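Observations on the three-dimensional arrangement
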Amino acid sequence: MAELEIVGFAQSMFVRTVRMALEEKGIAYRHVPVMPQTDEVLALNPFGRVPAMRHGSVRLFESRAIVGYADRVFEGPRLFPDDAGEAAVIEQWIAAINGNVMRPLFPYMQAHAFPKGPNGTPDRAVVDAAWPSAKPMLAVLDHAVAGGALAGPRFTVADAFLMPALAYLPHFAESRAFLDESRHLKRYFERHATRPSFVKTAPPPMRELRR
């Protein structure tokens with residue numbers, strides 16, 4: 001069978017999500033660490049975003065599409081179970097994370113990770129505008145993971161869509177304070193951060209990126 005390639009820089013939350021899903025399923029793959037908007041990425045995704053995928057003649061972008069394809073094509077534990085109800089709950093949380101949660105959280109995280117304020121500080125205007133909308137989303141998640149994971153008591157691919165984002169939050173003041181005071185979310189993260197799929201996909205320092 002042709003080699004499966006995942007294209008995109010390792011620090012991308014969505015690249016890590018895909019890689020975690022492949023690790024959970026036990027799929028061998030090659031990671032090609034490339035920045036967004038490069039010629040290699042644009043050849044696979046007209047929007048220039050990562051992750052993208054190559055597998056023989058198949059080319060895909062969007063993390064959910066890539067994960068779904070891998071689950072159908074490769075052997076291993078099912079990422080999306082046959083039970084319609086269980087699968088629907090997983091799909092529900094993937095959609096909620098990619099939409100409701102990340103919509104306010106992404107600009108908040110970007111403002112911290114790529115600071116454009118005075119003397120290399122975060123742009124407070126962006127942070128102050130994004131955090132009031134991001135905080136309620138984290139509160140929803142804090143309640144949602146009370147049972148151990150998003151879609152029930154056990155880790156599923158829905159959690160692989162959340163964990164890479166949570167990994168960045170302790171680095172930023174507002175979200176770090178929220179996690180420290182959370183009833184469930186910090187404990188949830190610490191518990192699942194020991195999973196081999198999460199440990200193995202930990203991103204290297206930014207300077208190691210291929211540009």
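Let me begin by describing the structure that accompanies this report.

What counts and what doesn't
Residues numbered from 1 in each chain as written. Predicted model: local features only at pLDDT ≥ 70, side-chain atom pairs only at ≥ 80, totals over all residues. Heavy atoms only, no water. Phe/Tyr/Trp six-rings, centres within 6.5 Å; stacked < 30°, edge-to-face > 60°. Helix = DSSP H or I, 4+ residues; strand = E, 2+ residues; numbered from the N terminus. Buried < 20%, exposed > 50% of the residue type's maximum accessible area, 1.4 Å probe, protein only. Salt bridge = Lys/Arg side-chain N within 4 Å of Asp/Glu carboxyl O. Pairing = 2+ DSSP bridges.

Centre-to-centre distance and the angle between the planes together describe a pair of aromatic rings. A full pass over the atoms with the stated rule returns four aromatic pairs. With a centroid separation of 6.0 Å and an interplanar angle of 75°, the aromatic rings of phenylalanine 47 and phenylalanine 61 are classed as edge-to-face. With phenylalanine 47 in the loop between helix H2 (39-42) and strand S3 (52-55) and phenylalanine 61 in strand S4 (residues 58-61), the pair connects residues that are 14 residues apart, well separated along the chain. According to the relative accessible area criterion, phenylalanine 47 is exposed, its value standing at 53%. For phenylalanine 61, a relative accessible area of 25% gives the class partly exposed.

This structure, assessed with the given rule, holds 13 salt bridges. Between aspartate 71 and arginine 78 there is a salt bridge, and its shortest N-O distance comes to 3.6 Å. By relative accessible area, which is 48% here, arginine 78 ends up partly exposed. Between lysine 186 and aspartate 180 there is a salt bridge, and its shortest N-O distance comes to 2.9 Å.

All right, on to the pairing of strand S1 (residues 4-7) then. Alternating positions in S1 separate into two faces, Leu4 and Ile6 on one and Glu5 and Val7 on the other, with burial throughout. Where S1 meets S3, four bridges bridge the pair, whose relative direction is antiparallel. Bridged to glutamate 5 within S3 is arginine 54. Taken together, the three bridges between S1 and strand S2 (residues 30-32) define a ladder with parallel strand orientation.

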